[in-house]
Amino acid sequence: MTTLFPMTRMLDSVLNGNLDSWTDSDHVAHFVPRADVLEGPKEYRIVMDLPGVANTDLDINLEGQELTVKAEKDATVPEGFEVRRNERSGKVHFTRTYTLGNAVDAEAISAKLENGILQISLPKSEVTLPRRIEVK
C-alpha cells in the first residue's frame, strides 16, 4: 500500500515497528522560522526564532519597501563520522520577506541576534507618529 503523505508514512512505520524504513530520501525538510510581528508606540518589531543560526549565516536587506531576511547554513558532520540517520537537519535555507510600506523609517532599522532569537527593530516614521496640534 502506497501512502501519499510522508507524515502518514512515518506514522505507519512507527506503528508497524519499522522506523528504519523511513529514510531521508522519503521526506523533504522545510525550515520556516516562527516569527512574530509586534507593534509598539514608536516601533514595529519582528522577533524570529533562529536556533543554531549565527550572524554570519544571516543576510537582511531592504529594497524599496520590502525587507528580506535570508539565512543559509549547511550541516556539518564531525570528522571521522558519517550520518546514519538524520532527524534533526542542521541545514538551514530560508527566505522571509515583509512589505513595510511608508510607516517605517528605513534609515533607522536595526537588527540583533542573541541566543537564537533575531529581533529586527523597525522605528515608525515621524510622519506616522501621533502628534499634538497646538491651537493658536
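Computed from a predicted model, the values in this text were never measured in an experiment.

K.L.:
In this structure, what is going on with the side chain of Asp57? I would like to understand it.
P.N.:
By the element assignment, Asp57 lies in the loop between strand S2 (43–49) and strand S3 (58–63). Sequence-distant contacts of Asp57, defined by excluding residues within four places in its chain, comprise Gly52, Lys70, Ala71, Glu72 and Lys73.

K.L.:
Please clarify how unusual backbone geometry should be interpreted in this entry.
P.N.:
Phi is mostly negative for residues that are not glycine, and the peptide bonds are mostly trans. Phi angles above zero are rare outside glycine, and Asn115 is one such case at about 55°. Tracing the chain through its elements places Asn115 in the loop between strand S6 (110–114) and strand S7 (117–123). We classify Asn115 as exposed; its relative accessible area is 74%.

K.L.:
Would you mind showing me how to read the sheet that holds strand S5 (residues 92–99) here?
P.N.:
The strands making up a sheet associate through backbone hydrogen bonding, with each pair oriented either parallel or antiparallel. With antiparallel pairing, the three strands of this open sheet are ordered in space as S3-S4-S5. Edge positions in the sheet fall to S3 and S5, since each of these pairs with one other strand and no more. Each strand axis lies, on average, 10° off the axis of its neighbour in the sheet, ignoring direction. Alignment of strand S4 (residues 66–73) against S5, held across eight bridges, turns out to be antiparallel. Paired with Leu67 across the strands is Tyr98, a residue of S5.

K.L.:
Quick question: what am I supposed to make of the nonpolar core here?
P.N.:
The nonpolar side chains of soluble globular proteins are, as a tendency, buried together. Counting residues in each nonpolar core, the largest one holds 17 residues, and the members touching the most others are Met48, Leu50, Leu58 and Leu118. Sorting the residues of this core by element identifies S2, S4, S5 and S7 as the ones contributing at least two each.

K.L.:
Would you take a moment to explain a nonpolar patch on the surface for this structure?
P.N.:
Among the surface-exposed residues, Val77, Phe81 and Val83 lie close enough to one another that they form a single nonpolar patch of about 300 Å² accessible area. Looking at the element boundaries, Val83 is found in the loop between S4 and S5. For Val83, a relative accessible area of 48% corresponds to the partly exposed category.

K.L.:
Explain the packing of aromatic side chains here, please?
P.N.:
Between two aromatic rings, the relevant description is the distance of the centres plus the angle of the planes. Counted according to the given criterion, the structure contains zero aromatic pairs. Between the NZ or CZ atom of Lys124 and the centre of the ring of Tyr44, over which it lies, the distance is 5.1 Å.

K.L.:
Where do I start with the pattern of salt bridges in this structure?
P.N.:
Opposite charge on two side chains permits pairing when their charged atoms draw close. All chains considered together, the criterion is met by three salt bridges. Across the pair Lys124 and Glu39 runs a salt bridge, and its minimum N-O distance is 2.7 Å. Here the residue Lys124 occupies a position in the segment after S7, and Glu39 occupies one in strand S1 (residues 35–39), the gap between them amounting to 85 residues. A relative accessible area of 13% means that Lys124 is categorised as buried. Residue classification places Glu39 among the exposed residues on the basis of a relative accessible area of 56%. For the salt bridge of Glu82 with Arg84, the shortest nitrogen-to-oxygen distance reads 3.6 Å. For Glu82, a relative accessible area of 58% puts it in the exposed group. The exposure class of Arg84 is exposed, given its relative accessible area of 75%.

The rules we used
- Within each chain, residue numbers correspond to sequence positions counted from 1 in written order.
- Selection of residues for local features in this predicted model requires a pLDDT of at least 70, selection of side-chain atom pairs for listing and counting requires 80 or more, and totals for whole chains, interfaces and linings are taken over all residues.
- No hydrogens and no water enter the side-chain calculation; it runs on all heavy atoms of the structure.
- Runs of E in the DSSP output that reach at least two residues are strands. Runs of H or I that reach at least four are helices, and both are numbered from the N terminus.
- Whether two residues are in contact is decided by their heavy atoms, any of which lying within 4.5 Å being enough.
- Type-normalised accessible area, obtained with a 1.4 Å probe on protein chains alone, sets the label of each residue: buried when under 20%, exposed when over 50%, and partly exposed for intermediate values.
- In short, DSSP must find at least two bridges between two strands for them to pair.
- Angular values range over 0 to 180 degrees, each being the angle between N-to-C directions of two axes fitted as lines to C-alpha atoms, with helices fitted over their stretch in contact.
- Residues belong to a common nonpolar core when they are buried Ala, Val, Leu, Ile, Met, Phe, Trp, Tyr or Cys residues joined through side-chain atoms within 4.5 Å.
- Only residues whose relative accessible area exceeds 30% and that form no salt bridge are eligible for patches; like-charged ones are grouped when within 9 Å, while nonpolar side chains (Val, Leu, Ile, Met, Phe, Trp, Tyr) are grouped when within 5 Å.
- Using a 1.4 Å probe, accessible areas were evaluated by the Shrake-Rupley method; residue-level cover was limited to the displayed protein chains.
- Any Lys or Arg side-chain nitrogen located within 4 Å of an Asp or Glu carboxyl oxygen qualifies as a salt bridge.
- Working definition: rings of Phe, Tyr and Trp (its six-membered ring) pair if their centres are within 6.5 Å, and the pair is stacked with planes under 30 degrees apart, edge-to-face with planes over 60 apart, and tilted otherwise.
- Geometrically, a lysine NZ or arginine CZ counts as sitting over a ring once it is within 6 Å of the ring centre and also within 35 degrees of the ring normal.

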